[in-house]
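Observations on the model geometry
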Amino acid sequence: MRLALDEAARAVRGGDVPVGAVVLAPDGATVLAAAHNEREAAGDPTAHAEVLAVRRAAARLGEWRLTGCTLVVTLEPCTMCAGAIQQSRLDRLVYGARDEKAGAVGSLWDLVRDRRLNHRPEVIGGVLADACSRQLTDFFRER
Ligand SMILES: [Zn+2]
């Protein structure tokens, strides 16, 4: 999560909301990919940290399935990112701050743990939640 927080800080340079994500290999230690929100920098509505990290990890593995991998992200994923997490077959999702306005992993919806889906990753929320939400609050306060 510390790595994801560092990654999130890089988003601010491009004028983006600080959200950072890291994909860990099945060994739980090797970083396959890291990304930050680039929606403003890239002019791309789908350039959320999670989507970019998942794409980079898949490209590095040469395989769309991220079975056994863990996604660590500073903010609870939105519906799009929850969909990407589900589609990539990640086995574990770790997130920091809850997103009461748009969160799709427990706050407004709980897409990745929907019992109708045949692949449901393990979810661990609230990791370093205070540091993650402080980073976001500081960003919006400065705007
Ligand atoms: Zn998202």
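Structure first, text after, so check above.
Now for a quick tour of the structure. (Residues numbered from 1 in each chain as written. Predicted model: local features only at pLDDT ≥ 70, side-chain atom pairs only at ≥ 80, totals over all residues. Heavy atoms only, no water.)

Description of the overall build of the chain
The number of helices and strands found in the chain is five helices and five strands. In terms of overall dimensions, the chain is globule-like: its C-alpha atoms have a radius of gyration of 14 Å, near the 15 Å expected for 143 residues. Expressed along its principal axes, the backbone C-alpha trace of the chain runs to roughly 40 × 30 × 25 Å. For the chain, the residues scored as buried account for 48% of the 143 residues in total. Restricting the contact set of the chain to residue pairs at least 6 apart, pairs at least 24 apart contribute 54%. (Helix = DSSP H or I, 4+ residues; strand = E, 2+ residues; numbered from the N terminus. Rg over C-alpha atoms; globule rule 2.2 N^0.38 Å. Buried < 20%, exposed > 50% of the residue type's maximum accessible area, 1.4 Å probe, protein only. Contact = heavy atoms within 4.5 Å.)

Let's talk about a nonpolar patch on the surface
A surface patch of nonpolar side chains, amounting to about 280 Å² of accessible area, comprises Leu108, Trp109 and Leu111. Tracing the chain through its elements places Leu108 in the loop between β4 (92-97) and β5 (122-124). Owing to a relative accessible area of 44%, Leu108 belongs among the partly exposed residues under this scheme. (Patch = residues over 30% accessible without salt bridge, like charges linked within 9 Å, V, L, I, M, F, W, Y side chains within 5 Å. Areas by Shrake-Rupley, 256 points an atom, 1.4 Å probe, with all protein chains shown as cover. Salt bridge = Lys/Arg side-chain N within 4 Å of Asp/Glu carboxyl O.)

Describing the coordination of the zinc ion
Bound to the zinc ion are the protein donor atoms His48 (ND1), Cys78 (SG) and Cys81 (SG), situated 2.0 to 2.3 Å from the metal. Within one chain, the residues serving as donors to the zinc ion are arranged as H-x29-C-x2-C. One end of the pair, His48, is in the loop between α2 (39-42) and α3 (49-61); the other, Cys78, is in the loop between β3 (70-75) and α4 (79-87), with 30 residues separating them in the sequence. Summarising the burial analysis for this pair, His48 and Cys78 share the class buried. (Donors = N, O, S within 2.8 Å, 3.2 Å for Na, K, Ca; no water.)

Details of the packing of helix α1 (residues 2-11) against helix α5 (residues 129-142)
Close contact between α1 and α5 brings their axes to 11 Å; oriented N to C, the two are set at 5°. The angle between α1 and α5 places the two elements in the roughly parallel class. Within the contact between the two elements, α1 uses Leu5, Ala8 and Ala9 and α5 uses Ala131, Cys132 and Gln135. (Axes fitted to C-alpha atoms, helices over the stretch in contact; angles between N-to-C directions. Parallel < 35°, antiparallel > 145°, perpendicular 65-115°, else oblique.)

Thoughts on the pattern of salt bridges
Taken as a whole and judged by the stated rule, the model has eight salt bridges. One salt bridge in this structure joins Arg10 and Glu7, with 2.5 Å as the shortest N-O distance. Here Glu7 and Arg10 lie together in helix α1, a separation of three residues that amounts to about one turn. Residue classification places Arg10 among the partly exposed residues on the basis of a relative accessible area of 38%. For Asp110, the salt bridge identified is with Arg113, shortest N-O distance 3.1 Å.

Topic: α1
Residues of α1 that are buried include every one of Ala4, Leu5, Glu7, Ala8 and Ala11, and no others. Axial view of α1: buried residues confined to an arc of 160°, hence all on one face. Buried residues along α1 sit against β1 (20-24), β2 (31-36), β3 and α5. (Arc of directions from axis to C-beta.)

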